[in-house]
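Geometric and topological summary
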Amino acid sequence: MKKILALLLALVMVLSLAACGSSGSSKAEGADAIPDEMTSKDGKYEIAFITDVGQLKDKSFNQGTYDGVKSYASAAGKTYKYYQPANGNEATDDDRYDAMKLAATNGAKVIVCAGFMQGAALEKAAKEFPDVKFVFIDGWAMGLPNLAGIAFQEEQCGYLAGYAAVMEGYTKLGFSGGGGGTNPACDRYGYGFVQGADAAAKAKGVNVEMNYSWLYGSNFSASSELQTMAAGWYQNGTEVIFACGGSMFQSIAAAASAEDGKVIGVDVDQSFDSPTVITSAMKGIGEGAAQALKAAESEESWTAFNGDGTNTVILGAKDNAVGLPTATWSLKGWTTEQYEAMLADIVSGKVVVDGADVPEPASTDNVTVNIIK
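Nothing here was measured: the structure is a model prediction, and the numbers come from that model. (Residues numbered from 1 in each chain as written. Predicted model: local features only at pLDDT ≥ 70, side-chain atom pairs only at ≥ 80, totals over all residues. Heavy atoms only, no water.)

1. Details of the pattern of salt bridges
Counting across every chain of the model gives 15 salt bridges. Of the charged contacts in the structure, one is a salt bridge between Glu123 and Lys127, with a shortest N-O distance of 3.4 Å. Of this pair, Glu123 and Lys127 both sit in helix α5 (residues 119–128), four residues apart, which is roughly one turn of the helix. Glu209 is paired through a salt bridge with Lys172; the nearest N and O atoms lie 3.9 Å apart. Here Glu209 is found in strand β7 (residues 208–213), whereas its partner Lys172 is found in strand β6 (residues 172–177), with 37 residues between them in sequence. Overall, the relative accessible area of 43% leaves Glu209 in the partly exposed class. On the accessibility criterion, Lys172 (33% relative accessible area) is partly exposed. (Salt bridge = Lys/Arg side-chain N within 4 Å of Asp/Glu carboxyl O. Helix = DSSP H or I, 4+ residues; strand = E, 2+ residues; numbered from the N terminus. Buried < 20%, exposed > 50% of the residue type's maximum accessible area, 1.4 Å probe, protein only.)

2. Let's talk about the sheet that holds strand β3 (residues 110–114)
Pairing in this open sheet of six strands is parallel, and the strands run β2-β1-β3-β4-β5-β11 from one edge to the other. The sheet terminates laterally at β2 (80–83) and β11 (313–315), the two strands that pair on one side only. For this sheet the average axis-to-axis angle between neighbouring strands, irrespective of direction, equals 20°. Strand direction decides the pairing type here: strand β1 (residues 47–50) and β2, joined by four bridges, are parallel. Its bridge partner lying in β2, Ile50 is registered against Tyr83. The strands that α5 touches are β3, β4 (133–137) and β5 (147–152); relative to β4, the one it contacts most, it runs at about 170°. (Pairing = 2+ DSSP bridges. Axes fitted to C-alpha atoms, helices over the stretch in contact; angles between N-to-C directions. Contact = heavy atoms within 4.5 Å.)

Dropping the structure here:
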């Protein structure tokens, strides 16, 4: 069953990349054409989504995950609803638990929760509602049979993004991350970005400088302070910034637009949101959620997917769950064929990317990392 689910995930990821790569209208005909809100005749909703910090329409993590949730629900003919914990970016564990409890009492059979900050509330809710299945995106297993933790090898697509940027000819890079350095997924994205830039710099015989910061990203929100910092980087020579943190993208893209800079998006293909985007480090958040929902249709398939609740489902290049959107990137210095060859090398193990959660990567022989605090 796990092999079948992996193949299904790969197929869905390929189709989603193809749809995103064709045109903006094709994208709108997909998940964007499915209502975010629906009315249930009995007021009950079978599938629920609990947002991470930030807004549902963040054009990144929340939106990308929910696209998978509502696309699955719509195709399966199931009712669905999203819930945003109270107090927005200042939400507490109690706020997140209250949202989960409300979803459960509103009839949810499966609740998908986005973001590592959901952990404490999820554990409490999963124990209180053992007949409800919980899916923890960017999370971990907790030994509960009704909770599936799904994580991604973000370091792999971060590596590809860093390699692509340097092969494109950029030698002054930036990384601006969300979560203040405490978010494992963002840590892996950034560490992979440094590793990829280092490998490409070595291959080209060049030196790279990289500004690296968690400032103004603790709550993953857009802010004037973040935009000012990014604008200063661009003014001082930074050519492209990896915007790694939900709605933070909006501030960095605005700075790039004003300063003739470039941006690398995260989680989903963000080329539709700004002409400054040269590529995006993507992971199959929506596809992972959809496959978990598919598995939840029967106890047999859920057990095959989730085991006994002690093993986190980890998806990466081998599952076609991370990568770059070649159909929409603007790269000229690195070909699709070269990208696909490197991706194959990651799958085979010929290229190994360190997946440690490293919030402040050290400089390498080819990349000088300037930690901005």
